[in-house]
Amino acid sequence: MAETKQSNAYWAANVRIILISLVIWFVCSFGLGILLRPALKGISVGGADLGFWFAQNGSIYVFLILIFAYARRMNKLDKEFGVEE
Amino acid sequence: MDQFTLNLIVIGASFALYFGIAFWARASSTAEFYAAGQGVGPVVNGMATAADWMSAASFISMAGLIAFGGYNNSVFLMGWTGGYVLLALLLAPYLRKFGKFTVPEFVGDRFYSTSARMVAVVCLLVISITYVIGQMVGVGVTFARFLEVSTSTGLYIGSAVVFAYAVFGGMKGITYTQVAQYVVLIIAYTIPALFISLNLTGNILPQLGLIGSYAPSGGDVSFLAKLDSVVKELGFAAYTADTSNMFNMFLVTMSLMIGTAGLPHVIIRFFTVPKVSDARSSAGWALVFIALLYTVAPAVGSMARLNITTTFWPNAETGNALDGDAIKIADIDSNPDLIWIRNWEKTGLLKFTDLNGDGMIQYFNEPAAVTNANKALAAAKKALADSTEADKTALQTKVTEAEAAVATALGAAKLGDKTLAERGLVGNELTTVNNDIMVLANPEIAKLPGWVIALVAAGGLAAALSTAAGLLLAISSAISHDLIKGALNPSISEKGELLAARISMAFAIVLATWLGLNPPGFAAQVVALAFGLAAATIFPVLMMGIFSKRIGKEGAIAGMIVGLVSTAVYIFLYLGWFFIPGTNVLPNTPAAHFLGISPAAFGPVGALLNFATAYVVSMITKAPPRDVVELVESIRVPKGAGAAQAH
């Protein structure tokens, strides 16, 4: 029974990390790149505005950091719970 | 050495490399054929995934789409990269832990039902076959252009090449060939980009050049502001202009993202790595290699567009386009720097006519009123010429009226501070600028040496071939592993299954070639269907299989069917049944779209319908049995992942 409790806690921690990551994923692409672009027109980035830059380049950089950060965080979590391969 | 010989040498050398690799890494077991023996490191797998993923559309067409669509077409940039976040977080590690070979196999085991597995096979085949059509067309077009053969001959050569290395190499051969193809395509894409960025912005990195300053006018104006002002002066929408439909842009981006995460040929790449943790980081490596091209693409598109515009309006390079003359036809024929214009005119990707006979080619955004008036005039003239009646007065009057209407339209339409009539213009004289030219002609426009042009040809072919091979593998494994071994003949030996896999791949190549010769519609529409269907079927069913213990087989099957049918029907309503032109029920215009949702944006709606159906049906049917719940619990933890079993 203890093992089930342990793996439930592991899964809950994983889901929490996923949710936080998905919020960042959503904000940098759909948020800054599309929905918030009109509101952020005032911030200029090299000849265009912040929203434009996030749509054409910025969101991709955030995606990259996000995946590696997730992989790192999960490797740590695997060790904490002793479920690594 | 002429360009044709150079193309032959570079393309020939790249093919020799692919064949060599395929022979060295040929598959000898089903585990190697389907999943490369699960011995591919995360970085190598990431590179192979990038080549698998980046198709002819990414390499040849995307920069042009962005060049002319501007901010609006950022959907491709965000959509085709953001999906990897979903893959890394929601699917890849768990499917690797599951440790089998195909996507339908997971669906069948998790939903304890051969029927569920077969529905997944149907979804996979529809998605992958529609997707492979676009690749085969891309192979044909690229061969035709660079080897000076017909498109169908190009297609046959391409099919033979894929056949030679994919059928024998299986996943193992394909993986290592894709690594080589990635190297070829990324070098071919970035070299012209570095030069063009250096020329226009003084910045060698295109990513910085995009937001840098415009060098030819002294650097006091930013590159994007310059591009905006030049295209606006000629009557086009600004490159950075806002979207006209934010809701639709949102949905298209979402459709491409979850569609990417649901494409079977991408998902199976993550079955090839040794460990669960490798599956997570491998998605990141894949995105690193994809981002090398995708972050450069907007710079390539926007810079090539400015280059083409200033080529046709030389004064635009440092001042206002309309303050100087347009390009002279005499220059096109005599200036060696402009020889590319005639070269590409031959391919039909670039077309121009001197409508007003002034010896110059004026390129601008022709107002719709002028276009319509000119069309009406042409129709009236044709009616007069074709008429066999004795009394042609009525038809003659119509022509005179149409001429007057054209004159009125030209007098009303403004280009800069003067009307078209005052400028002596009758219409836009650069009548065709194909999207693909932005990448294909880039080295010539930037005056780069011949071997760079040949490299771009090899890069375009590498992009199309690597994606086609990945798709064909997904198709053949669904047939031999899921359909034959999973349902029709479970007692088949491993040798027999390997043979079946090779035979079904050969059949898939023949089918793909035939569809490439007779595409049912425009390739772009077909690809929209593939993403919409992947988003509405495979992605939801996999996600529910991992994140829910309550969704049972009835729910999963009902969900997949609702997602598949609703998305396909919505697309067919606007684009014609099975893309047959003229069979569409509704016109494909924004006004006719339901709530403004274009066919390419329906994927997320189909996915929502899939989730909702699966949930409701599962609530009123039996919960999954104990061993399935245990399976879900086991795929959620990395511990205990071993080599895949062929069960």
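**Observations concerning the overall build of chain A**
Part 1 of the reasoning: The helix and strand inventory of chain A stands at two helices and two strands.
Part 2 of the reasoning: Put simply, chain A runs from its N terminus to its C terminus through helices and strands in the order α-β-β-α.
Part 3 of the reasoning: For chain A, whose C-alpha radius of gyration is 18 Å, the value lies well above the compact-globule estimate of 12 Å for 85 residues.
Part 4 of the reasoning: By its C-alpha atoms, chain A is 60 × 20 × 15 Å across when sized along the principal axes.
Part 5 of the reasoning: The long-range share in chain A, meaning contacts at least 24 apart out of those at least 6 apart in sequence, stands at 52%.

**Some details on the overall build of chain B**
Part 1 of the reasoning: For chain B, the helix and strand inventory stands at 28 helices and six strands.
Part 2 of the reasoning: Computed over its C-alpha atoms, the radius of gyration of chain B comes to 27 Å, within 12% of the 26 Å expected for a compact globule of 647 residues.
Part 3 of the reasoning: For chain B, the spread of C-alpha atoms along the three principal axes comes to 80 × 55 × 50 Å.
Part 4 of the reasoning: Burial status across chain B gives 57% buried among its 647 residues.
Part 5 of the reasoning: In chain B, of all internal contacts separated by at least 6 residues, the share reaching a separation of at least 24 is 80%.

**Some details on the interface of chain A and chain B**
Part 1 of the reasoning: Taken together, the 37 residues of chain A in the interface contact 43 residues of chain B.
Part 2 of the reasoning: When residues of the side of chain A that touches chain B are traced back to their parent elements, those giving at least two are α1 (2-35) and α2 (50-80) of chain A.
Part 3 of the reasoning: Residue contributions to the side of chain A that touches chain B peak at 17 residues, all from α2 of chain A.
Part 4 of the reasoning: Here the residues of the side of chain A that touches chain B sort into 24 nonpolar, 10 polar and three charged.

**Some points on the environment of Ser 387 of chain B**
Residues and elements named next belong to chain B.
Part 1 of the reasoning: Turning to its location among the elements, Ser 387 is positioned in the loop between α17 (368-386) and α18 (393-412).
Part 2 of the reasoning: Considering only alpha carbons, one finds Ser 387 and Gly 348, 39 residues apart in sequence, at a separation of 33 Å.
Part 3 of the reasoning: In this view, Ser 387 contacts Lys 392 and Leu 395; residues no more than four positions away in its chain are not counted.

**Quick word on α2 of chain A**
All names here are of chain A.
Part 1 of the reasoning: Between the first and last C-alpha of α2 there are merely 39 Å, a value that for 31 residues lags more than 12% behind the 45 Å anticipated at 1.5 Å per step.
Part 2 of the reasoning: By the largest-angle criterion, Asn 57 marks the main kink of α2, which is about 55°.
Part 3 of the reasoning: Taken from the residues just after α2, Gly 82 is the one with a positive phi, measuring 65°.

**So, the confidence of the model for chain A**
Segments scoring low in pLDDT should not have their predicted coordinates read at a detailed level.
Part 1 of the reasoning: With 96% of its residues at a pLDDT of at least 70, chain A reaches an overall mean of 93.
Part 2 of the reasoning: When the elements of chain A are averaged for pLDDT, strand β1 (residues 44-45) of chain A gives the smallest value, 90, and α2 of chain A the largest, 96.

**A short note on the packing of helix α5 (residues 74-98) of chain B against helix α13 (residues 276-294) of chain B**
Two quantities define a packed helix pair, namely the angle between the helix axes and the distance between the axes.
All names here are of chain B.
Part 1 of the reasoning: Their axes nearest at 8 Å, the elements α5 and α13 cross at an angle of 165°. Here α5 is positioned roughly antiparallel relative to α13, judged by the angle of their axes. When the axes of α5 and α13 are compared, the crossing they make is right-handed. Along its contact with α5, which presents Leu 77, Trp 80, Thr 81, Tyr 84, Leu 87, Ala 88, Ala 92, Pro 93, Arg 96 and Lys 97, the element α13 presents Val 276, Ala 279, Arg 280, Ala 283, Gly 284, Ala 286, Leu 287, Ile 290, Ala 291 and Tyr 294.
Part 2 of the reasoning: Classifying every residue of the contact of α5 with α13 gives 15 nonpolar, two polar and three charged.

**Thoughts on helix α1 (residues 3-24) of chain B**
Residues and elements named next belong to chain B.
Part 1 of the reasoning: Look at α1: 32 Å from first C-alpha to last across 22 residues, which is about the 32 Å you get at 1.5 Å a residue.
Part 2 of the reasoning: Residues Asn 7, Val 10, Ile 11, Ser 14, Tyr 18, Ile 21 and Ala 22 constitute the buried set of α1. Summarising the axial view, the buried residues of α1 lie within an arc of 110°, below the 170-degree limit, and thus occupy one face. Relative to its buried face, α1 has exposed residues pointing more than 90 degrees away, namely Thr 5, Gly 12, Ala 13, Ala 16 and Trp 24.
Part 3 of the reasoning: Each element contacted by the buried residues of α1 is listed here: α7 (114-147), α8 (151-201) and α22 (450-488).

**Remarks on the packing of α8 of chain B against α22 of chain B**
All names here are of chain B.
Part 1 of the reasoning: At their nearest, the axes of α8 and α22 sit 6 Å apart, and the two run at 140° to each other. In terms of their interaxial angle, α8 and α22 are classed as oblique. Note on packing geometry: the crossing formed by α8 with α22 is left-handed.
Part 2 of the reasoning: When grouped by side-chain class, the residues that make up the contact of α8 with α22 number 23 nonpolar, six polar and no charged.

Criteria and thresholds
Residues numbered from 1 in each chain as written. Chains lettered and ligands numbered in written order. Predicted model: local features only at pLDDT ≥ 70, side-chain atom pairs only at ≥ 80, totals over all residues. Helix = DSSP H or I, 4+ residues; strand = E, 2+ residues; numbered from the N terminus. Rg over C-alpha atoms; globule rule 2.2 N^0.38 Å. Contact = placed C-beta atoms within 7 Å. Buried ≥ 20, exposed ≤ 12 C-beta atoms within 10 Å, placed from the backbone. Nonpolar A, V, L, I, M, F, W, Y, C, P; charged D, E, K, R; others polar. Expected span 1.5 Å × (residues − 1). Bend = angle between axes of the 7 residues up to and from the residue. pLDDT = per-residue confidence, 0-100. Axes fitted to C-alpha atoms, helices over the stretch in contact; angles between N-to-C directions. Parallel < 35°, antiparallel > 145°, perpendicular 65-115°, else oblique. Left-handed = near helix turned anticlockwise from the far one by under 90°. Arc of directions from axis to C-beta.

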